[in-house]
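Below, each chain spelled out in residue letters.
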Amino acid sequence: MDNKQLIKLALKAMENAYVPYSGFKVGAALLTSEGKAYTGCNIENISFGATICAERTAMFKAISEGETSFVKLAVVSSADKITFPCGICRQVINEFMPNGEIILYGNGKTEIYSVSELLPHSFDNEF
């Protein structure tokens, strides 16, 4: 699956975002090493701490179905600019896709980053 197709899936997933408090919609599409795609959107909660980001929604859906090998993650938002994953999402992404690429799309532009570029000094099990 190419990046444009993955972005289209993320845009479609964004339509399902539940954002009654912020109005800020995010969609994500995750590609497994076997070529299967999983999507997610952000889901807010009035306590905000219980809110989950689109990136983790997609990843946790895939993991709950037995997938653990990922190669690409596309992220889109309702903002008129590129939206980067939050710090918590970056750490989760690093856990399951340390050598993957993050495709960010916004305002008609696409930017691609490695996970290590977005989280250069990640927490790991090397204490």
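To keep things clear, this report deals only with the structure shown in the data block.

How each quantity is defined
Residues numbered from 1 in each chain as written. Predicted model: local features only at pLDDT ≥ 70, side-chain atom pairs only at ≥ 80, totals over all residues. Heavy atoms only, no water. Phe/Tyr/Trp six-rings, centres within 6.5 Å; stacked < 30°, edge-to-face > 60°. Helix = DSSP H or I, 4+ residues; strand = E, 2+ residues; numbered from the N terminus. Buried < 20%, exposed > 50% of the residue type's maximum accessible area, 1.4 Å probe, protein only.

1. Concerning the packing of aromatic side chains
Part 1 of the argument: This model, assessed by the stated rule, comprises two aromatic pairs.
Part 2 of the argument: Considering the side-chain rings of Tyr21 and Phe48, the 5.9 Å spacing of their centres and the 65° angle between planes classify their relative orientation as edge-to-face. Remark: Phe48 occurs in the loop between strand 2 (37-41) and helix 2 (54-64) and Tyr21 occurs in the loop between helix 1 (3-14) and strand 1 (26-32); sequence separation between them is 27 residues.
Part 3 of the argument: On the basis of relative accessibility, which here comes to 40%, the residue Tyr21 falls in the partly exposed class.
Part 4 of the argument: Here Phe48 falls in the partly exposed class, since its relative accessible area comes to 48%.
Part 5 of the argument: Relative to Tyr113, the ring of Phe84 lies with its centre 5.4 Å away and its plane at 55°, an arrangement referred to as tilted. Taken as a pair, Phe84 in the loop between strand 3 (70-77) and helix 3 (87-96) and Tyr113 in strand 5 (residues 109-114) lie far apart in primary sequence, 29 residues in all.

These values are about where atoms sit, not about what they do.
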